[in-house]
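Listed below, chain by chain, are the residues.
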Amino acid sequence: MENLALIESFSEFKDDKLIDRVTLMAILEDVFRNALKKKFGDDDNFDIIINPDKGDLEIWRNRIVVADGDVEEPNQEISLSEARKIEPDFEVGEDVSEEVKLIDLGRRAILALRQNLISKIHEHDNTNIFKQFKDLEGDIYTAEVHHIRHRAVILLDDEGNEIILPKDKQIPSDFFRKGDNVRGIIDSVELKGNKPAIIMSRTSPKFLEKLFESEIPEVFDGLITIKNVVRIPGEKAKVAVDSYDDRIDPVGACVGMKGSRIHGIVRELGNENIDVINFTSNLQLYITRALSPARVTSIKIDEENKRAEAILKPEEVSKAIGRGGHNIRLAGQLTGYEIDVFREGAEEDVELTEFSDEIEGWVIEEFSKVGMDTAKSVLEQDVADLVKRTDLEEETILDVIRILKEEFED
């Protein structure tokens, strides 16, 4: 009965962990062989017979009979007189199989063996969880808020697996309470030590793409293809869509009647403003569409340097740039071109870089980030609006305006 606790452990692990019989036997044999190596120095001459369903366990040590006094390897050899205590008709050179009882390993070894078994089972579980979630990378997943930390929300799924939603992968307007169901994509899965770290993201463009797949049947069925997705999470996104079926209007199908189809996606993303545009291989037309809702008069493209100049009517410029420069930035990311915006009739305008002797480079760069690359694009804006759009102090902006005005007065 000395192996009763261990036998109960086998049944407990098999039932609780849902490990298949073959895997459990392999783990048990590995654990016992490690114990035998520690006890006897080698396990090559041991046979282990395990029946995890019944809890049966037998360990047999095989040794060669040698003459009394000739035993050099006690684990591999047995003297003739010792062998004949097991069976009286043994002769030198024959093989002897002798059962090793668990109690022979020692109480401490049995405790260590149990602990090793628990460790191996957990390691097996973690490997399976890692493989399971590695296959789910890039897919939408739902889990429940377990607790909220300063830098992350910890989620648990129905199987009790822990999923981490870091602060920088949450939409700025996200607010969670314990027990809330949260949707995101499985962004990455890594093994840290032996434990899988499963990271969820709600800010990835892939999350928006997968939401389109789940909410819009034509996307799910492959009738509409998503060509590219760019986002400023919680603020604005642009999605380029295409269809190989001329009878399908991809933008109309994605948006739905009065926005009915896209409304759920917008709500999921904290009222993120989503522009859906028709993809085209016509670069001028693609950039024009990417700048929507602004209406572009004309486009000049420099393919070698991946730059485009968009000419617009004065009242359309602010739409092209967008609040905080979001629209022009996303249009550039969507098309892969750096886009500069110019007003119609502004040929006499001057690039801000021409003022690099008087205006520091980092200040010019701040204006450029929000789509203001020329003197007039700055002068035609309200000072308060410039303060909101850029990371510049009002005093710095007023100084820039003074320098630019002097140029045009001259």
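Residues numbered from 1 in each chain as written. Predicted model: local features only at pLDDT ≥ 70, side-chain atom pairs only at ≥ 80, totals over all residues. Heavy atoms only, no water.

Colleague: Sorry, what's going on with the overall build of the protein here?
Modeller: Regarding its fold elements, the protein presents 16 helices and 15 strands. For the protein, the C-alpha radius of gyration of 36 Å lies well beyond 22 Å, the compact-globule estimate for 410 residues. Overall, the protein is about 120 × 55 × 45 Å in size when its C-alpha atoms are taken along their principal axes. Expressed as a percentage of its 410 residues, the buried residues of the protein come to 44%. A separation of at least 24 residues holds for 57% of the contacts in the protein among residues at least 6 apart in sequence. Accessible area of the protein: about 22700 Å², with a carbon and sulfur share of 46%. (Helix = DSSP H or I, 4+ residues; strand = E, 2+ residues; numbered from the N terminus. Rg over C-alpha atoms; globule rule 2.2 N^0.38 Å. Buried < 20%, exposed > 50% of the residue type's maximum accessible area, 1.4 Å probe, protein only. Contact = heavy atoms within 4.5 Å. Areas by Shrake-Rupley, 256 points an atom, 1.4 Å probe, with all protein chains shown as cover.)

Colleague: How should helix α13 (residues 361-369) be read in this particular structure?
Modeller: Think of an α-helix as turning once every 3.6 residues; residues three or four places apart then point the same way. Within α13, burial applies to Val363, Ile364, Glu366 and Phe367. Taken end-on, α13 shows its buried residues confined to a sector of 155°, consistent with a single buried face. One or two positions beyond α13, positive phi appears at Gly371, with a value near 80°. (Arc of directions from axis to C-beta.)

Colleague: Explain the pairing of strand β5 (residues 140-148) to me, please; I cannot follow it from the model alone.
Modeller: Residues in a regular strand point their side chains to alternate faces of the sheet. Examined bridge by bridge, β5 and strand β8 (residues 181-192) share five bridges and lie antiparallel to one another. If you follow Ala143 over to β8, its bridge partner there is Val182. Here β5 pairs with strand β6 (residues 152-156) via four bridges, running antiparallel. When the bridges of β6 are listed, His147 appears paired with Ile154. (Pairing = 2+ DSSP bridges.)

Colleague: Could you clarify how one ought to interpret the sheet that holds β8 in this entry?
Modeller: In a beta sheet, neighbouring strands are held together by backbone hydrogen bonds and run either parallel or antiparallel to one another. Ordered in space as β5-β6-β7-β9-β8, the five strands form a closed barrel in which the pairing is mixed. For this sheet, the mean inter-axis angle between neighbouring strands, taken without regard to orientation, is 50°. Relative to strand β9 (residues 195-201), β8 runs antiparallel, the two sharing seven bridges. Residue pairing across strands places Lys192 opposite Lys195, the latter belonging to β9. (Axes fitted to C-alpha atoms, helices over the stretch in contact; angles between N-to-C directions.)

Colleague: Looking at this structure, how should I read helix α12 (residues 326-335)?
Modeller: Within α12, eight of the 10 residues are buried, which leaves the element mostly enclosed by the surrounding structure. Every buried residue belonging to α12 is among His326, Asn327, Ile328, Leu330, Ala331, Gly332, Leu334 and Thr335, and all of these are buried. Buried residues along α12 sit in contact with β10 (224-232), β11 (236-243), β12 (273-278), α10 (283-290), α11 (314-321) and β15 (338-343). Gly336, located one to two residues past α12, shows a positive phi value of around 80°.

Colleague: When you look at the sheet that holds β10 in this model, what are you seeing that I'm missing?
Modeller: Strand order in the open sheet made by the three strands is β10-β11-β12, with mixed pairing throughout. The sheet is open, and its two edges are formed by β10 and β12, each paired on a single side. Taking each pair of neighbouring strands and ignoring which way they run, the sheet shows an average axis angle of 20°. With eight bridges joining them, β10 and β11 adopt antiparallel strand pairing.

Colleague: Even after reading the chapter, I still don't get the pattern of salt bridges, so can you show me in this structure?
Modeller: When their charged atoms lie close together, side chains carrying opposite charge are able to pair. One pass over the full model with this rule turns up 25 salt bridges. The partner of Asp275 in a salt bridge is Lys236, and the shortest N-O contact between them spans 2.8 Å. Here Asp275, found in strand β12, pairs with Lys236, found in strand β11; they are 39 residues apart in sequence, far enough to count as distant. The exposure classification of Asp275 matches that of Lys236, with both residues buried. We note a salt bridge from Lys238 to Asp275, for which the minimum N-O separation is 2.9 Å. Placement of the pair is Lys238 in strand β11 and Asp275 in strand β12, with a sequence separation of 37 residues. With respect to burial, Lys238 and Asp275 carry one shared label: buried. Taken together, the shared-partner salt bridges in this structure form one network comprising Asp174, Arg183, Arg202, Glu215 and Glu268. (Salt bridge = Lys/Arg side-chain N within 4 Å of Asp/Glu carboxyl O.)

Colleague: Teacher, can you tell me more about the packing of aromatic side chains here?
Modeller: Aromatic ring pairs: the centre-centre distance and the angle between the two ring planes describe each pair. One pass over the structure, following the stated rule, counts three aromatic pairs. When the ring of Phe133 is compared with that of Tyr141, the centres are 5.3 Å apart and the planes differ by 70°; the resulting orientation is edge-to-face. With respect to class, Phe133 is no different from Tyr141; both count as buried. Residue placement shows Lys227 over the ring face of Phe279; its charged tip is 5.3 Å from the ring centre. (Phe/Tyr/Trp six-rings, centres within 6.5 Å; stacked < 30°, edge-to-face > 60°. Lys NZ or Arg CZ within 6 Å of the ring centre and 35° of its normal.)

Colleague: I'm lost on the side chain of Arg63 in this one. Help?
Modeller: Position of Arg63 among the secondary structure elements: in strand β2 (residues 56-66). By relative accessible area, Arg63 is classed as buried at 12%. At 3.1 Å, the side chain of Arg63 forms a polar contact with the backbone oxygen of Pro74. For Arg63, the side chain forms a polar contact with the side chain of Glu98, separated by 2.7 Å. (Polar contact = N/O pair within 3.5 Å; in protein donor to acceptor, adjacent residues only side chain to side chain.)

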